[in-house]
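A structural walkthrough
Here is how the chains run, residue by residue.
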Amino acid sequence: RATRTRRPRGRHRRRAVLRELHIDTSGRPNDMSPSLRTTASRLVASAATSSRNAPLACLRVPARAFRATGCSRSWGDEEDPSPGPTRWSSTHEDTPTLTPWVRQVISGVELLRNARYNKGMSFSDDEREKMHMQGLLPPAKFNQHTQVKRVMRNVRALQSPIQQHLHLVGLLERNERLFHKTLVDHVEELLPVVYTPTVGQVCKTFSELFTRPRGLYITARDKGMIHRIMKNWPEKRVKLIVVTDGERVMGLGDLGVQGMGVAVSKTMLYTAIGGVDPADILAVCLDVGTNNESLLNDPLYIGTKQKRVTGDAYDELLDEFVEAAKRRFGERCVVQFEDFSNANGKRLLERYATQAAVFNDDIHGVAATTLAGVIASGKKTRLAVHEHTYLIAGAGETGHGIGEILAEYVARDTQTTVAEARRRIWMVDSGGLVTRHRAEIEEDLALHKLPYAHDGMPECGTVLEAVRAVKPTALIGVRRHKHSLRIGALAGPEGDAFEGYREDSAGGVAGVAEMSMRSVEERGEGGDKKGGKSDGRVQSGPPRLFTADVLRAMGENTKNPLIFALSRPEGIAECLAQDAYDATDGRCVFASGCPVEPFVDKTTGKQIAPRPSTSAYVFPGFALGLTLAEANRVRSPMFLAAAEAVADLVTDEDLERGAVYPRVARLREVAAHVAAKVASKCFEMDGVATGSSPGKNKQSHERLVALAKKSMYDPAYRCYM
C-alpha cells in the first residue's frame, strides 16, 4: 500500500497504484485504500480501451494483480467474517463466485489465441522474444503472402464448398487479418464460398455447425433490455449493423435464428470488399421464433422454439431495437435489414426512413445492381434506360424495388414524374399480368403493386402471354415464387409442366425446388426397379419460367433483348444463359443471379462469359460512402449514384464477352468508386451528411475515390515492437 501521507495526484498517483499492484501480492487487492482501489479499477478498464488497435497497452497490469491468495473475487467484495479456510475450499457446496478478469496485456499463448492480433508464423524473432512466445511456435517464419498461399492450398484441397466455407470461418476465428487478406486477394474465387450460394446451405445446418457467436442474439423475451444487451458488445464505435430475423433466407424460407449465417457473411464482405473495419460492424439476429415445424421439432435447434411473434409485439421489438442502436452507437450508425419477409421488408423501411440511416439490401441493393446492368447494357442494346419497356416477373418487395429505382432513374433523365415513368414498367405475379382490371376486382392485391396496375392490356395468365401482349424489350425475373413450380402455372402450357411439386417445411421456393427434385429422382428410381419408364411429361427438374417460347418472343420484340434471370439458386433460375443465347440467335444481353460457366455461342462462335448480378457490387461501397459522409439518413438518389458508379466501370471488353458487370476481381475498386459517388451525393443533400463536406473544396471524383481507398481497412500485418 502507498505509505505517503499526502495523497499522490496525476502521474504520481498512477505510479503509486502500479507500485501497489506489483508489490502487494500477498494480500487481496481490496486491502488497498478505497480511493486507490477505485483508481486501479479505472486503470484496468482503460487497458482494454487502449489495446483496441495494439496488443500491448500503454499500461502494463500484471495478471497477479487480479488474483488474491486462494481467491479470485472482484475488487470491492466485503470480507467474509467466518473464520477458517473452508469458505474458499473447492469442495464446499457453496463455491465462491469468480470474476473472470481478462482486461490485461496479452502476450505468449494468449496473444496466439487472440484472433484480432494473432499473426501465426509471421511473428519475428524480436516479437517472439519480447512477447514471450519462444518455443510456442515452430522456428520457421512466413510472411503474410506465404500464409495466404498456404490457406488457398488447403481450401482448394477441400471438395465441398461447405467444407471450404467452414475452413475459412475457422481461419477467421484464429487469425482475423489473414482471413481478410486471403479474401481480398482471391475474392473472385472465394466469393461463392463465403457468400451465396454456399452460405444458404450453411444456414440450413447452422444449428449443427455453430461453434462460437459472431454477433448479438436478441429474442422477443428481451423486450425492455435491448440497450443493456447491446452494451455487452465490446466495441463502442460500431458504424454498421446487419440485422436479420431469418424469415426469408435466400429463397430457402423461414430458417429462424439460423439466418444469422447470412448476416455474418455480409459483415465479412463489408470488410473484404468495402474496407469497413471489422470492429465497426455488428451482426444482429432478432430471434422472434420460427414457423418452420422441422426446426421447432429439432432438438439441436439453437433458437427460440415458438411460433413467430407478429403484430404490435413485433413492431414494438423493432422500435426498441432501432432506438437502442441509436442510443448505443449514435445517429450515424447505419442499419441494414437482411432477409426480412415481403410483409415486413418494405414496411420497416418506410417506418424508420425518417428516424435512422436504414436500408434493405434485398430491396435496394438488388435494385441498384439491376439498374447498373441496364445502364451498362445500353452500349450493346442501343437503347437508353428510358427507351426500354420493362416486364418484371416477380412482383414482391424485390421486384417492386427494381421497378421503383427504374422509374426514378427514368423520371430523372426525362424530366418527368415518377408516375409517368412507371407506365413503361409492367409486372407479373402469381396471378398473371398485373392490370387495372385485376386491381378493381381483387380486394387482396398488395398495395405496392397498384402503381404498376396499368390499363390497356388484356388479361394474361402466363409470362408467355404477357410477353406477347406487352412486347417488352427488357425481361427481368427476380425472387421466383413457388407457385411457378406447379403444374402449368406461369411457365406455360400444361404440356411443359413439372409434376414433382412437393412442399417444403420452411416455405422457401428453393426448398420446394430441392424437394421436388428429390421427388423426381425417387420416381425415376422406382420406375427403373419395376423395369418401366417414367412419365414422359415429368422433366428432370422444375420448369424454367422463361421457356424457349418466351425467349423467342423476346427476340422478336427487339434486336437485342435484355434478359435478366436473377432468381437463385440455379435450380430455380428463370432460364440458363445458353438457352437465352440459343433462342435469340446470340443477340440477347443476359445477366444471371448465379455464376455462369463460360460457353461458346452457337450462332456467333464467340465465347460468352456472363457475370452474376450480385448486390456485392453495391452494398459494400454504399456503406463505406455513408460512413465517409457520416450520413444519418438514407435516400433513394444515393442508390442511383451507386448504380451509375458500377455501370461506369464496365468496359467494352466486358460487354464483348457478354458481361454487363465489372470483373469480380475488381470489387474492391468498384466499392471505392461507389463510396465516392454515394458520399458526394450525401454532401449535396441537405441535412443528410454530418461530416465535413469535401464539396466546399470542390474535390473531384478521383480525389474522393482516393480518399475512399485511403480509408479502407488494410488487412496487412502490423509490427508490434
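Below: a short report on this structure. (Residues numbered from 1 in each chain as written. Predicted model: local features only at pLDDT ≥ 70, side-chain atom pairs only at ≥ 80, totals over all residues. Heavy atoms only, no water.)

**Structural notes on the overall build of the chain**
When helices and strands are tallied, the chain shows 29 helices and 13 strands. Expressed as a percentage of its 721 residues, the buried residues of the chain come to 54%. Contacts in the chain between residues far apart in sequence, at least 24 positions, make up 72% of those at least 6 positions apart. By element, 49% of the accessible surface of the chain is carried by carbon and sulfur atoms, the whole surface being about 32,600 Å². (Helix = DSSP H or I, 4+ residues; strand = E, 2+ residues; numbered from the N terminus. Buried < 20%, exposed > 50% of the residue type's maximum accessible area, 1.4 Å probe, protein only. Contact = heavy atoms within 4.5 Å. Areas by Shrake-Rupley, 256 points an atom, 1.4 Å probe, with all protein chains shown as cover.)

**Observations concerning the sheet that holds strand E11 (residues 589-592)**
If you trace the 6 strands from one edge of the open sheet to the other, you get E8-E7-E6-E9-E10-E11, paired in mixed fashion. The open sheet is flanked by strand E8 (432-433) and E11, the only strands paired with a single partner. Of the pairings in the sheet, the one linking strand E9 (residues 474-477) to strand E10 (residues 562-565) comprises 4 bridges and is parallel in character. Counterpart to Ile476 in the pairing with E10 is Phe564. (Pairing = 2+ DSSP bridges.)

**Things to note about the sheet that holds strand E1 (residues 216-219)**
As summarised here, the arrangement of the 5 strands in space is E1-E3-E2-E4-E5, forming an open sheet in which the pairing is parallel. Looking at which strands have only one partner, the edges of the open sheet turn out to be E1 and strand E5 (357-360). Ignoring strand direction, the axes of neighbouring strands in this sheet form an average angle of 25°. Relative to strand E3 (residues 281-287), E1 runs parallel, the two sharing 4 bridges. Bridging across to E3, Tyr217 finds its partner in Cys285. Most of the contacts of helix H16 (residues 361-376) go to E5, to which it runs at about 70°, and overall it touches strand E4 (334-338) and E5. (Axes fitted to C-alpha atoms, helices over the stretch in contact; angles between N-to-C directions.)

**Observations regarding the nonpolar core**
Grouped together as the largest cluster of nonpolar side chains are 120 residues, with contacts concentrated most on Ile402, Leu406, Phe564, Phe622 and Leu626. In terms of residue count, the dominant contributor to this core is helix H28 (residues 667-684) (11 residues). Once you skip the residues sitting within four places of it in the chain, Phe564 turns out to touch Thr370, Gly373, Val374, Leu475, Ile476, Gly477, Phe546, Val589, Phe590, Ala591, Val660 and Tyr661. Ranked by size, the runner-up nonpolar core spans 32 residues in total, among them Val243, Val309, Ala324 and Val358. (Core = buried A, V, L, I, M, F, W, Y, C linked by side-chain atoms within 4.5 Å.)

**Focus on helix H29 (residues 701-711)**
Among the residues of H29, Leu704, Val705 and Ala708 are the ones counted as buried. Down the axis, H29 shows its buried residues gathered within 105° of arc, on one side only. Residues of H29 that are exposed and angled more than 90 degrees away from the buried face: Glu702, Arg703 and Lys710. Next to the buried residues of H29 lie helix H25 (619-629) and H28. (Arc of directions from axis to C-beta.)

**Let's talk about the pairing of strand E2 (residues 240-244)**
Among the 5 residues of E2, 5 are classified as buried, and the element is accordingly described as predominantly covered. Every second residue of E2 is oriented toward a common face, with Leu240, Val242 and Thr244 on one face and Ile241 and Val243 on the other, all of them buried. Two elements, E2 and E3, share 5 bridges in a ladder whose sense is parallel. For Val243, the partnering residue across the bridge sits in E3 and is Val284. Where the polypeptide runs from E2 across helix H12 (residues 260-272) and back to E3, its parallel neighbour, the crossover connection is right-handed. Relative to E4, E2 runs parallel, the two being bridged by 5 bridges. Note on E4: the bridge partner recorded for Leu240 is Val334. (Right-handed = clockwise from strand over helix to strand, strands pointing away.)

**Digging into the packing of aromatic side chains**
When we look at a pair of aromatic rings, we describe it by the centre distance and by the angle of the planes. Tallied over the entire structure, the rule returns 13 aromatic pairs. Judged by centre distance (5.2 Å) and plane angle (15°), the rings of Tyr617 and Tyr661 are stacked. Taken together, the residues span a long stretch of sequence, with Tyr617 in the loop between strand E13 (607-608) and H25 and Tyr661 in the loop between helix H27 (652-656) and H28 at a distance of 44 residues. Residue classification places Tyr617 among the buried positions, given a relative accessible area of 1%. Counting every residue linked through ring pairs, the aromatic cluster contains Tyr117, Phe123 and Tyr720. Over the ring of Tyr720 we find Lys119, and its NZ or CZ is 4.8 Å from the ring centre. One residue, Lys266, lies across the ring of Phe619, its end atom 4.7 Å from the ring centre. (Phe/Tyr/Trp six-rings, centres within 6.5 Å; stacked < 30°, edge-to-face > 60°. Lys NZ or Arg CZ within 6 Å of the ring centre and 35° of its normal.)

**Examining helix H8 (residues 187-194)**
Turning to H8, its buried residues are Val187, Leu190, Leu191, Val193 and Val194. Along H8, the residues classed as buried sweep out an arc of 165° about the axis, all on the same side. Its buried side turned inward, H8 meets helix H5 (144-157), helix H6 (161-174), helix H7 (176-185), helix H9 (198-204), H12 and H28.

**Topic: the environment of Phe590**
By the element assignment, Phe590 lies in strand E11. Judged by its relative accessible area of 1%, Phe590 is buried. As for Phe590 and Gln578, which are separated by 12 residues in sequence, their C-alpha atoms are 9.4 Å apart. Contact partners of Phe590, with chain neighbours within four places excluded, come to Ile563, Phe564, Ala565, Cys575, Leu576, Ala577, Ala580, Tyr581, Pro610 and Gly658.

**Remarks on the pattern of salt bridges**
According to the stated counting rule, one finds 39 salt bridges in the structure shown. Close ionic contact of Arg308 with Asp254 constitutes a salt bridge, the shortest N to O distance being 3.0 Å. Here the residue Arg308 occupies a position in the loop between helix H13 (293-296) and helix H14 (311-329), and Asp254 occupies one in the loop between E2 and H12, the gap between them amounting to 54 residues. Taken individually, Arg308 and Asp254 each receive the classification buried, so the pair is uniform in this respect. (Salt bridge = Lys/Arg side-chain N within 4 Å of Asp/Glu carboxyl O.)

**Let's talk about the packing of H5 against H6**
Look at H5 against H6: their axes get within 9 Å of each other, and the N-to-C directions meet at 150°. Overall, the two elements H5 and H6 adopt an arrangement that is roughly antiparallel. In this structure, H5 crosses over H6, and the sense of that crossing is right-handed. For the pair H5 and H6, contact is made by Val151, Asn154, Val155 and Arg156 and by Gln164, His167, Leu168 and Leu171, respectively. Residue composition of the contact of H5 with H6, by class: 4 nonpolar, 3 polar and 1 charged. (Parallel < 35°, antiparallel > 145°, perpendicular 65-115°, else oblique. Left-handed = near helix turned anticlockwise from the far one by under 90°. Nonpolar A, V, L, I, M, F, W, Y, C, P; charged D, E, K, R; others polar.)

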